Amino acid sequence: MIIALHGIPAEMIFSLLGAFIAVIIYLIWVHYSVYKTKYYNDEFKYFSVEKRLILYLGFLLANLGVAFLLFWLLTFIFAATIFR
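Residues numbered from 1 in each chain as written. Predicted model: local features only at pLDDT ≥ 70, side-chain atom pairs only at ≥ 80, totals over all residues. Heavy atoms only, no water.

Caption draft 1: How the structure looks around the nonpolar core. In terms of nonpolar packing, the biggest core is built from eight residues, these being A19, V23, Y26, L27, V30, A67, F71 and L74. When residues of this core are traced back to their parent elements, those giving at least two are α1 (10-35) and α3 (49-82). The leading source of residues in this core is α1, at five residues. (Core = buried A, V, L, I, M, F, W, Y, C linked by side-chain atoms within 4.5 Å. Buried < 20%, exposed > 50% of the residue type's maximum accessible area, 1.4 Å probe, protein only. Helix = DSSP H or I, 4+ residues; strand = E, 2+ residues; numbered from the N terminus.)

As structure tokens, then:
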């Protein structure tokens, strides 16, 4: 591999794009799996608006933390496989 001194190598763009797509798929899958649970459909809708908002923000914060770590992990894994 030749190191370019005038920009980002294409391999890094591909690894970032692959990790971004994988994280988006992960977030869609997690939200869909929670949406299909019996607890969400039977009990969650009877909570007050404030309680639902706090629970959803906590869920979103936890998922975005996992997604951030997953993004960088997959970026390095994809970069390692591409740079061989």
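Caption draft 2: Main features of α1. Taking 1.5 Å per residue, 26 residues should reach 38 Å; α1 reaches 38 Å between its end C-alpha atoms and fits that length. The complete set of buried residues in α1 reads S15, A19, V23, Y26, L27 and V30. (Expected span 1.5 Å × (residues − 1).)

Caption draft 3: Just the side chain of T75, in detail. Mapped onto the secondary structure, T75 falls in helix α3. Relative accessible area serves as the criterion here: at 1%, T75 is assigned to the buried category. Residues in contact with T75, not counting those within four places in the same chain, are M12, S15, L16 and A19. (Contact = heavy atoms within 4.5 Å.)

Caption draft 4: Spatial organisation of the packing of aromatic side chains. With the rule as written, the count across this model stands at eight aromatic pairs. When the ring of F68 is compared with that of W72, the centres are 6.5 Å apart and the planes differ by 75°; the resulting orientation is edge-to-face. Of this pair, F68 and W72 both sit in helix α3, four residues apart, which is roughly one turn of that helix. Here F71 and W72 contribute two aromatic rings whose centre-to-centre distance is 5.1 Å and whose plane-to-plane angle is 75°, an arrangement assigned as edge-to-face. Taken together through their ring pairs, the aromatic side chains of Y35, Y39, Y40, F44 and F47 make up a single cluster. (Phe/Tyr/Trp six-rings, centres within 6.5 Å; stacked < 30°, edge-to-face > 60°.)

Caption draft 5: Spotlight on the side chain of N63. Along the chain, the position of N63 falls in helix α3. A relative accessible area of 7% means that N63 is categorised as buried. Residue contacts for N63: discarding those within four places in its chain leaves Y26, L27, V30 and H31.

Caption draft 6: A look at a nonpolar patch on the surface. A grouping of L17, F20, I21, I24, I25 and I28 is seen on the molecular surface, where their side chains present a nonpolar patch of about 580 Å² in accessible area. Tracing the backbone shows I25 in helix α1. The exposure class of I25 is exposed, given its relative accessible area of 54%. (Patch = residues over 30% accessible without salt bridge, like charges linked within 9 Å, V, L, I, M, F, W, Y side chains within 5 Å. Areas by Shrake-Rupley, 256 points an atom, 1.4 Å probe, with all protein chains shown as cover. Salt bridge = Lys/Arg side-chain N within 4 Å of Asp/Glu carboxyl O.)

Caption draft 7: Molecular detail of the environment of F20. Mapping F20 onto the fold places it in helix α1. Considering only alpha carbons, one finds F20 and A80, 60 residues apart in sequence, at a separation of 16 Å.

Honestly, that's just the spatial picture; any functional story needs more than this.
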